[in-house]
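Notes for the structure review
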Amino acid sequence: AGGDDDPTSIWQVTNAAGTGGISPSQGSQMLYFGNGLDYGGDGGFDASALASCGATESAVFSLDPAESWTLEFDLFTDIEPNPGCAGGGFAESDDFWISVVDYSNASTENLVFDKSELDCADFGGWTSLSIDLDAWSGSNIAVRFTFDSYDNFANDGLGLAVDDLQFVKGCE
């Protein structure tokens, strides 16, 4: 985001008390992006509204080369929906993406998920997702979560949350 960014909208591990009402899908904590109320404010063209952006990265994991791997997690999205969805934003509206950082290969970053892959019904609640990680079997990887509102308009949703993140080994 550019210009005036909301310094209180950050990635953080928290419980429902710090997220404006998003409850974890499992257990008592989750990874959350926002400031506890929204992620910058503004239901319209309020001059006090702010943009927001940020990235966070998991610890590095070594994926056994003899196994197939999948990343499974729950995602809560209360950000501007995709264009074409009710209340959807413009092409430059909020974006959220997930990358695999391959530390076995010069720390290359590979996009594995983007907000555009969500269905309209996925916005405003929890949805379960699965990402194939077979391309990185035998590698040392981290998972990077990135959000950017790109502007200070319509940033009054609750934000994003990731929960129940698991690296799942498959069968040969």
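Right above here is the structure, for reference.
Since we're looking at a predicted model, the values are computed, not measured. In this convention, every chain numbers its residues from 1, walking through the sequence in written order. Totals for whole chains, interfaces and linings use all residues, but because this is a predicted model, local features are given only for residues with pLDDT of at least 70 and pairs of side-chain atoms are given and counted only at 80 or more. As a rule here, side-chain values come from all non-hydrogen atoms in the structure, and water together with hydrogens is ignored.

Helices and strands together make up the secondary structure of the chain, namely zero helices and ten strands. For helices the rule is a DSSP run of H or I covering at least 4 residues; for strands it is a run of E covering at least 2, with both sets numbered from the N terminus onward. Scanning the chain from its N terminus toward the C terminus, one meets helices and strands in the order β-β-β-β-β-β-β-β-β-β. Per-residue accessibility, obtained with a 1.4 Å probe over protein chains only, is compared with the maximum for each type, and a residue is labelled buried under 20%, exposed over 50%, and partly exposed between these values. The burial tally for the chain puts 44% of its 172 residues in the buried class. Of all intrachain contacts in the chain linking residues separated by at least 6 positions in sequence, the fraction that spans at least 24 positions is 77%. The method behind every accessible area is Shrake-Rupley, applied with a 1.4 Å probe, and residues are considered shielded solely by the protein chains displayed. Working note: accessible area of the chain is about 8,100 Å², and carbon and sulfur atoms make up 49% of it. We call two residues contacting when some pair of their heavy atoms lies within 4.5 Å.

The geometry of an aromatic ring pair is captured by the separation of the ring centres together with the interplanar angle, meaning the angle of the planes. Between rings of Phe, Tyr and Trp, where Trp is taken as its six-membered ring, a pair exists when centres lie within 6.5 Å; planes separated by under 30 degrees are stacked, by over 60 edge-to-face, and by other angles tilted. Counting across every chain of the model gives eight aromatic pairs. Geometrically, the ring pair formed by F61 and F167 is tilted, given 4.3 Å between the ring centres and 40° between the ring planes. In this pair, F61 is assigned in strand β4 (residues 61-62) and F167 in strand β10 (residues 159-169), connecting sequence segments 106 residues apart.

Our next topic: the sheet that holds strand β1 (residues 10-14). By this definition, two strands are paired if DSSP reports at least two bridges between them. Pairing in this open sheet of five strands is antiparallel, and the strands run β1-β2-β10-β5-β8 from one edge to the other. Whereas interior strands pair on both sides, the edge strands pair on one side only; in this sheet they are β1 and β8 (126-132). Direction aside, the axes of adjacent strands within the sheet are offset by 25° on average. Note on method: axes are straight lines fitted to C-alpha atoms, helices fitted across the in-contact stretch only, with angles between N-to-C directions ranging 0 to 180 degrees.

Counted residue by residue, strand β6 (residues 95-102) has eight buried out of eight residues, so it is predominantly covered. Burial along β6 is two-sided: the residues D95, W97, S99 and V101 and F96, I98, V100 and D102 are all buried. Two strands pair when backbone bridges link them, and β6 and strand β9 (residues 140-148) are joined in this way by eight bridges, in the antiparallel orientation. When the bridges of β9 are listed, F96 appears paired with F147. Looking at chain direction, β6 and strand β7 (residues 108-114) are connected through six bridges and run antiparallel. In the strand pairing of β7, D102 is matched with T108.

Right, let's talk about the environment of V168 for a bit. Take V168: it is sitting in strand β10. With a relative accessible area of 25%, V168 lands in the partly exposed category. Between the C-alpha atoms of V168 and W69, which are 99 residues apart in sequence, the distance is 5.6 Å. Among all residues touching V168, those that are not within four sequence positions of it are S68, W69, T70 and E72.

Further remarks concern the pattern of salt bridges. The term salt bridge refers to a pairing of a side-chain nitrogen on Lys or Arg with a carboxyl oxygen on Asp or Glu at a separation within 4 Å. Tallied over the entire structure, the rule returns two salt bridges. Of the charged contacts, one joins E57 and R144 as a salt bridge, the two residues approaching to 2.5 Å between their closest N and O atoms. Pair noted here: E57 is in strand β3 (residues 53-57) and R144 is in strand β9, with a separation of 87 residues, a long-range link. When the shortest N-O distance is used, the salt bridge between E109 and R144 registers 2.6 Å. Of this pair, E109 sits in strand β7 while R144 sits in strand β9, and the two are 35 residues apart along the sequence. On the basis of relative accessibility, which here comes to 40%, the residue E109 falls in the partly exposed class.

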